[in-house]
Every structure is written in structure tokens, then in C-alpha cells.
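Close look at the chain arrangement
What follows is each chain in one-letter form.
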Amino acid sequence: MKTTIFSTHKFEEPYLLKANDGKHQLKLLESRLTEETAILATGSKTVSLFTGDDASAKVLEKLSTLGVKNIALRSAGFNHVDLLKVAELDMKVARVPAYSPYAIAEHTMALILALNRKLIKANNRVREHNFSLNGLTGFDLNGKTVGVIGTGKIGSVLIKILHGFGCNILAQDIEENKDLIDKYGVIYTDCATLCKHADIISLHAPLKASTKHLIDAKHIALMKTGVMLINTSRGGLVDTKAVIQGLKTKKIGYLGLDVYEEEEGLFFEDHSDDILQDDVIARLMTFNNVLITSHQAFLTETALTNIAETTIYNLDCFDKEILSGNEISVN
């Protein structure tokens, strides 16, 4: 089956080719899917999209007129796809529901540790032959209260890791996980209460209308002074301007981000020779207590293998016109 793969990155290409093993005709493109680049899918029955691709109504209409019937997402999230338009055009969408919750949870822990122990600052200082310890004081994670918002696969793995560090864990989710309560002493509560009592808050919720800007000025005001806020989930969960204000007033003492609300067209690209046009992220980068990675939490060999293999499996199922179990309901 002819498939156009948009936003192909060098780090994933060998995994896709290995998983495909010559089964499908893959057209690997570095270009993001946009209204302008949709024409590149001419001749393909299926397109494969990454998180930064644009699958809005107008783009989907263009793809449909080109004969595209299927969309294989190389991600778990699908908020960049207009599902109502997908249904209207009688297209099919499949995703990679889980590739490695451990990868995301471990990266989350890496951000927590790096911020707490000021590892970036320490490394830079030593490389300049400055071996002073002034300004590098951290805190013991043991005994600290961590609030985990979203206790699905990733949040659950993070809780297991945090329990190993001796943390007390608060959680918020629409569904309580009894196993987490029994094994790790997790206490479920509402978001406001979690914000009031947590020393560290980590976000692992899906982005939808009810969670957009969940972390806003109101919730930040409830937080402990000097709180650590971590987001490795979806950029839109956080009102970035409100967070900047929280950093300026020192309400937020540490901020770790692997996602950003306006990351489309910014993350996954080399802009080292460009003038940064995003004033919001530019302001974030001026704080020495902020650590930003460009959506790399998923980037492990295990995750890339699972993403590639599931994507090719979804292509197999599209080609044979059978259900893969990874379809996204558009109802």
C-alpha cells in the first residue's frame, strides 16, 4: 500500500524501515503536513502523521480529494486531528495507543532530579573550572509530597518510581486506581487540594476541553511557594503566561517542560541560525530555574521500535481492511 509519511525524522527512519521490511511503499517526507504540503500525498491511500502535523478540517478535505482514505498516527495523542471531519469524509484513523510509558515517566523523573540538584548549572560551572558549590543546594525527595495529575499508564509508572524515592503521593483523575492506592498509598483528591499540598506537581492528563489550561493563574495561586511544576504530557494543559507570572513572583520555584502549547513548527526543528519569533518561550528561557526539552520524553529505542511496529501493523490492517484495535472512535 502506498503511504506518505509526513514529518519523518532521522531518529525514527531506520525503525520504520526495519518494521516495514519492504511490505508497503513508503514515501518518507521531512515536510510537516499542512494545507500547502497535502498535495505531496498524491497517489497514496494512507498518510502517517506525527504530533506536529496539521490534520484540521481543510487539510483533511484536501487529502480526501487526493484519494487518501486512512491516517496512521505515530503517536498516542490525536488532538491535532479533526475527528468530526474524519467521520464526515468517511476516513479511518489509527494511533499508537501505548509505546513506552516508562520512557515518559523516566524522563519526568530526570527533569525533577536535574532541576532539584541543579545539574545543568553544576555541569556548566565545572566545565568552566569553577568547582564552587554555592547556589547548588537541592532538597531530599524522600518525604516530599508529589501531586500526579492523571494516573493512566504514564502517571502510574511515575508513581511507582516516586514511591521508590520515598515520596508521599497525591493524585487526581476522574477514575481512581485501586492498585495504586493499595500498593503505594496514593491519596486521590481534587486538583485544588493537590495544588495546595504538593511540593512537586507533575502533569499526565490528556488534552481536551475540560483540561485545557488546567494549570492557570487560579490554580497557581493555590500552590506552595517554591513549588516544582513538571509537564511532559500536553502543552495546552498549562497557561504559559500564567506560569511565567508565577515564576516572576517565585510562587513557582522550578519548572520542567517537555511540551509547549505553541510547539508546532518549533520543536523537532533546528532553529539555531534563526531569530526566535516566539516571545513567550523566549521569556521562559531567561529563567535559570526552568528546564525545557523539546518533546523528547518518548525518545528511547524501545519506544521508537514500538511506534514503528504498531504503525506498520496499522498499515497492514488498513491494507487488509480489518480492524487493528487501535482505531480512534469518531462518534
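Here goes a summary of the coordinates provided. (Residues numbered from 1 in each chain as written. Predicted model: local features only at pLDDT ≥ 70, side-chain atom pairs only at ≥ 80, totals over all residues. Heavy atoms only, no water.)

**Re the nonpolar core**
Ile149, Ile201, Ile215, Val243, Leu247, Ile252 and Leu255 are the most contacted members of the largest nonpolar core, which totals 27 residues. When residues of this core are traced back to their parent elements, those giving at least two are α8 (191-197), β9 (200-203), β10 (227-231), α10 (240-248) and β11 (252-257). Looking at this core element by element, the count peaks at four residues for α10. Excluding anything up to four places from it in sequence, isoleucine 215 contacts Ile149, Leu203, Ile220, Met223, Leu229, Leu237, Val238 and Asp239. Among the nonpolar cores identified, the runner-up in size contains 25 residues, and Leu111, Leu141, Val157 and Leu158 belong to it. (Core = buried A, V, L, I, M, F, W, Y, C linked by side-chain atoms within 4.5 Å. Buried < 20%, exposed > 50% of the residue type's maximum accessible area, 1.4 Å probe, protein only. Helix = DSSP H or I, 4+ residues; strand = E, 2+ residues; numbered from the N terminus. Contact = heavy atoms within 4.5 Å.)

**Points about the side chain of threonine 108**
Take threonine 108: it is sitting in helix α4 (residues 101-116). Accessibility expressed as a relative area gives 0% for threonine 108, which makes it buried. The contact partners of threonine 108, leaving out residues within four places of it in the chain, are Leu158, Ser202, His204, Ile230 and Thr232.

**Looking at the packing of helix α1 (residues 13-20) against helix α12 (residues 301-320)**
Taken N-terminus to C-terminus, the directions of α1 and α12 make an angle of 45°; their axes are 8 Å apart at the nearest point. By the criterion of interaxial angle, the relationship of α1 to α12 is oblique. Where α1 crosses over α12, the two elements pack in a sense that is right-handed. Taking contact as the criterion, the partners of Tyr15, Leu16, Ala19 and Asn20 in α1 are, on α12, Glu301, Leu304, Thr305, Ala308, Glu309 and Ile312. (Axes fitted to C-alpha atoms, helices over the stretch in contact; angles between N-to-C directions. Parallel < 35°, antiparallel > 145°, perpendicular 65-115°, else oblique. Left-handed = near helix turned anticlockwise from the far one by under 90°.)

**Examining the layout of surface pockets**
Volume-wise, the largest pocket comes out at about 1,200 Å³. If you go around the largest pocket, you meet 46 residues; those closest to its centre are Ile154, His204, Ala205, Pro206 and Ser233. Mapped by element, the contributors of at least two residues to the lining of the largest pocket are α4 and α6 (153-164). If one sorts the elements of the lining of the largest pocket by residue count, α6 sits on top with three residues. Residue composition of the lining of the largest pocket, grouped by class: 20 nonpolar, 17 polar and nine charged. (1 Å grid on protein atoms, 1.4 Å probe; cavity = no way out; pocket = protein on both sides within 12 Å on 5 of 7 lines; lining within 4 Å. Points joined across faces, edges and corners; volume = space filled by probe spheres on them. Nonpolar A, V, L, I, M, F, W, Y, C, P; charged D, E, K, R; others polar.)

Don't take any of this as a statement about function, it's just geometry.
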